[in-house]
Amino acid sequence: MADSSTLFSETGRSLLTDSSVLDSKIIEASKENVVPGSALDVEEEMPQIETRVVLVREAGKHEELLKALEEIKVPYIKTDTIEELGDSDSPEFETVFVVSDFQDSIFNNLCKADCRVIGPPVVLHCAHKGKPLPFSCRPLYCASMLNLVLCFTGFRKKDELVKLVTLVHHMGGIIRRDFSSKVTHLVANSTHGDKFRIAVSLGTPIVKAEWIYKAWEKRNESDFCAADDDFRNQFKVPPFQDCMLSFLGFSDDEKASMEEMTEMQGGHYLPVGDERCTHLVVEESSVKDLPFEPLKNLYVVKQEWFWGSIQMDARAGESMYLFEKSESPGLKKSVSLLSLSTPNSNRKRRRLKETLAQLTRETDLSPFPPRKRPSAEHSLSIGSLLDISNTPESSTANGETPKSCARPSKNSTPLPLKQSARWQVAKELYQTESNYVDILTTIIQLFQVPLEKEGQLGGPILAQEEIKTIFGSIPDILDVHTKIKEDLEDLMVNWTESKSIGDIILKYSKDLLKTYPPFVNFFEMSKETITRCEKQKPRFHAFLKINQAKPECGRQSLAELLIRPVQRLPSVALLLNDIKKHTTEDNPDKVTLERAIESLKEVMTHINEDKRKTEAQRQFFDVVYEVDGCPANLLSSHRSLVQRLETVALGDDLCDRGEQVTLFLFNDCLEIARKRHKVIGAFKSPHGHTRPPASLKHVVLMPLSQIKKVLDIRETEDCHKAFALVVRPPTEPNNKLLSFQMTTEEPPKEDWLKMLCRHVANTICKADAENLIYIADPDSVEVNTKDMDSTLSRASRAIKKTSKKVTRAFSFSKTPKRALRRALMSHSATEGRSPSSANESYIGSRLTSTSSLAGIPSPSLVSLTSVFEKRSHTLSRSTTHLI
């Protein structure tokens, strides 16, 4: 599509001519209001010209505008008609007209008279910045596009283009007819043309015409800037605008995903063979030839074009991604050389031989180890199979070359004729180490370096925090293993049976201990970040699709590559054990290998222990976020989460009977929380991560030292999976019985009770943990689980909750429950009656400190109790009728 041509307005001035020269003169003239003296020796000075502001109609009623003019000390007058001023071209004054409506007839008359016209936002902007009023030969309403250079492409309607250019000038923007590096924004009505291609290559923002219209609607906002990223991104041209895509050779799931992505990126999809299709995206590995002859205007491209366009956030050039028949250039070259039959072709035959040898070597080479362990019978040279220096593509092609990979290989040294078993395993250790270094280099150069690169087209793909979370200490691990690989290479080149392999591992054991724990501990978080970003950020998904399809990745995903550091140290330990088996007793490396193996075990043990601590800390914070009102003193360096148990309350001491209760067993305390009845909105962190709302409500944090007995309630027909705790809070004079029913199969009740008693015994410094468990009958402690899941029980609990809420709402006495209990106890003591106490020898009796409250009638509860009884009676009758 042809680009926009030069258009002229009614005054005869070009609308699309470069305005930079004129604007530079305007800026220079506005810097000083005093005309400098002549270069000649003239004593008389030129008279000063004073700026006079004329507020036309509504502008004169703008109080904020009047105050701004007083701040910059500019005189002004008010008028309703231009005729009142007479001739505005006075030599003593430079008249500036302030007009609120640029569509008014007065504005048109001022433009025809070539007067200097500005809008109220310009005056407010200058007053805020402390600058003089700008000099502009064009009407200037606001400064929302000040210093922006715009270029247009794809507009065929002259009237629309004239309107857009006029609005840009009113907002202080500059128009360029030809695209250059000085253009800050390209306003595109089409994704075709040279201007669009150049803008994509330079990374210039490409926006729709609506960007200008919406910016004009915000012209009266003082702090508004049209170049703001959040505002501009609403009107960016999507990558697949004006594109009709079809997909060939993809699976149903992948095709559906790509079709959904196409619509998200502004395009449309059609079935294969539709004549309206503009692009046919082909899966080149499965499609050998097209099922039809494509039209001339149809682009047949590889899937890399599709993902590359999404990654760049702009439509990529099709010429680089055109689909061709799957014949490698090397194979074509070899076939062409085979057809040569000219005499004296020894040089060509040598070239043919080298080409075929290279093709064979490239098919055998792989930067990834084979699935099966290579047999020792294959006498491969050290540098042939897994050497990083012989990979098909140099690692320097994708980014900076690590300092550890710059050293050339020394594998040209001839190998011994007879290879011992110790040499074979040592060779395998070197080969796998070389391969491992190659994989780490691929991760860094193919993924991390491009993501961290500044000036990416379309802006950064991921935030720096996300990149750091994904890759962690991979560069440090690469540096250590590159040094190990170099030392192993020197050892293999200068091989003798007395060479020490264990010394190399011992040399870098401290470095391994330093670099591996940070990565292994947060590996799961790294995988979660990759999964989340791939779902939420289409550009990152496209980035992974492009790079994971490259041969360096060996058809493995980034998450699969990142698991290699987790697997490496155990693999090295196994290989060292094999080398040790093939090392004679008189070899000094025998003892060194044992020390090296022990050092690796210590490293792995430290990693596991560090990971366990990290997981415990994460579990701590998960509990804090999940439980609303969780005490701050729960967080402690010596505390760890042991077990979580889902239960149902069987008593009314902590919460209502039948309410869902979660027990968090720590090594020295027990956190009890109930399920929340009303959940608040989700919490959003400063980094934008949304955390789910707290689902539990804190009830009590109980030290394990308060648990005096653990009751294992026998299994009966009316009681299943129930247990109870006899506790003695320090603020209570009597023991309390807390009974629960387990709602999960894991852990078993017996294991849970033993675990609880063991930690209670550790807390109170007792060795006989099993003596804390007592077996009790359900009837003796008045525990019953038969009606916990019945409809009547749920209805009764609902009515009880409602009655409690109403009681609290209408109660005239706000006396706390604990204070009321103490008052009753003191009252009973004055009458010569001592409060009941628990009989420690009889564990089966149920002891409740609030039982005395049952016999005291409350005026606010009489009517509610009767209502509750009537409702319960009605529910029981209806239930009986249904049965």
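Use the structure listed above.
Residues numbered from 1 in each chain as written. Predicted model: local features only at pLDDT ≥ 70, side-chain atom pairs only at ≥ 80, totals over all residues. Heavy atoms only, no water.

**Q** Got a sec to walk through the state of the cysteines? Specific residues and values, please.
**A** Every disulfide links exactly two cysteines, by a covalent bond between their sulfur atoms. If you walk through the whole model with that rule in mind, you get zero disulfides. Sulfur of Cys-243: no disulfide; nearest cysteine sulfur belongs to Cys-277 and is 9.5 Å away. (Disulfide = S-S within 2.5 Å.)

**Q** Outline the packing of helix H5 (residues 158-170) against helix H7 (residues 210-217), supporting the account with residue identities and numerical values.
**A** Two elements in contact, H5 and H7, have axes separated by 10 Å at closest approach and are oriented at 45°. Between H5 and H7, the angle falls in the class oblique. Like other packed secondary-structure pairs, H5 and H7 cross with a definite hand, here left-handed. Each of Glu-160, Lys-163, Leu-164, Leu-167, Val-168 and His-170 in H5 lies in contact with H7, whose residues at this interface are Ile-212, Tyr-213 and Trp-216. Per-class residue counts for the contact of H5 with H7 are six nonpolar, one polar and two charged. (Axes fitted to C-alpha atoms, helices over the stretch in contact; angles between N-to-C directions. Helix = DSSP H or I, 4+ residues; strand = E, 2+ residues; numbered from the N terminus. Parallel < 35°, antiparallel > 145°, perpendicular 65-115°, else oblique. Left-handed = near helix turned anticlockwise from the far one by under 90°. Contact = heavy atoms within 4.5 Å. Nonpolar A, V, L, I, M, F, W, Y, C, P; charged D, E, K, R; others polar.)

**Q** So what's going on with the nonpolar core? Which residues, and what values?
**A** Judged by nonpolar contacts, the single largest core of 59 residues is most densely connected at Ile-443, Phe-447, Ile-501, Phe-540, Leu-558, Leu-562 and Leu-576. Excluding anything up to four places from it in sequence, Leu-558 contacts Ile-443, Phe-447, Ile-470, Phe-471, Ile-530, Leu-544 and Gln-548. Within the second largest apolar cluster, 35 residues are counted, among which are Val-99, Phe-152, Leu-164 and Ile-212. (Core = buried A, V, L, I, M, F, W, Y, C linked by side-chain atoms within 4.5 Å. Buried < 20%, exposed > 50% of the residue type's maximum accessible area, 1.4 Å probe, protein only.)

**Q** Residue-level account of the pattern of salt bridges, with values.
**A** As enumerated under the stated definition, the model contains 28 salt bridges in all. Of the charged contacts, one joins Glu-318 and Arg-315 as a salt bridge, the two residues approaching to 3.0 Å between their closest N and O atoms. Each of the two residues, Glu-318 as well as Arg-315, counts as buried. In this structure, Lys-721 and Glu-745 form a salt bridge, with 3.8 Å as the shortest nitrogen-oxygen distance. You can see Lys-721 sitting in the loop between strand S20 (707-713) and strand S21 (722-727) and its partner Glu-745 sitting in the loop between strand S22 (736-742) and helix H23 (749-763), a full 24 residues away along the chain. A residue is classified by how much of its surface remains accessible, and Glu-745, at 64% relative accessible area, is exposed. Through salt bridges with shared partners, a single network forms among Arg-422, Glu-497 and Asp-589. (Salt bridge = Lys/Arg side-chain N within 4 Å of Asp/Glu carboxyl O.)

**Q** So what's going on with helix H3 (residues 105-112)? Residues and values would help.
**A** All of the buried residues in H3 are Ile-106, Phe-107 and Leu-110. Along the long axis of H3, the arc covered by the buried residues comes to 100°, so they all point the same way. Downstream of H3 by a residue or two, Asp-114 has a phi angle that is positive, lying close to 60°. (Arc of directions from axis to C-beta.)

**Q** Any details on the sheet that holds strand S13 (residues 627-628)? Residues and values, ideally.
**A** The mixed open sheet is built from nine strands, whose spatial order is S13-S19-S16-S15-S14-S22-S21-S20-S23. The two strands at the open ends of the sheet, each matched to only one other strand, are S13 and strand S23 (773-776). Note: strand S14 (residues 641-649) against S22, three bridges, orientation antiparallel. The partner of Ala-649 across the bridge, within S22, is Phe-740. (Pairing = 2+ DSSP bridges.)

**Q** Tell me about the sheet that holds strand S5 (residues 149-153), and name the residues and values.
**A** Read across the open sheet, the four strands follow the order S6-S5-S7-S8; overall the sheet is parallel. Because the sheet does not close on itself, it has two edges, and the strands there are strand S6 (174-175) and strand S8 (206-207). On the sheet, helix H6 (residues 194-202) packs against S5, strand S7 (185-188) and S8 and is oriented at approximately 140° with respect to S7.

**Q** Talk me through the packing of aromatic side chains; I want residue IDs and the actual numbers.
**A** Taken as a whole and judged by the stated rule, the model has 16 aromatic pairs. Taken together, a centroid distance of 6.2 Å and an interplanar angle of 75° make the contact between Phe-247 and Phe-250 edge-to-face. Judged on exposure class, the residue Phe-247 and its partner Phe-250 are both buried. Relative to Phe-523, the ring of Phe-519 lies with its centre 6.0 Å away and its plane at 50°, an arrangement referred to as tilted. (Phe/Tyr/Trp six-rings, centres within 6.5 Å; stacked < 30°, edge-to-face > 60°.)

**Q** Describe the pairing of strand S16 (residues 669-675), listing the residues and the values that go with them.
**A** Most of S16 is tucked away, with five of its seven residues classed as buried. Counted along the chain from strand S15 (residues 660-666) to the antiparallel partner S16, the turn is two residues long. Note that S16 and strand S19 (residues 696-703) share seven bridges and pair antiparallel. Paired with Ile-672 across the two strands is Val-700, which belongs to S19.

**Q** Could you give me a rundown of the environment of Met-244, with the residues and numbers involved?
**A** Within the element layout of this structure, Met-244 appears in strand S9 (residues 244-248). A relative accessible area of 28% places Met-244 in the partly exposed class. Taking the C-alpha atoms as reference, Met-244 lies 6.2 Å from His-279; in sequence the two are 35 residues apart. In this view, Met-244 contacts His-268, Leu-270, Arg-276, Cys-277, Thr-278 and His-279; residues no more than four positions away in its chain are not counted.

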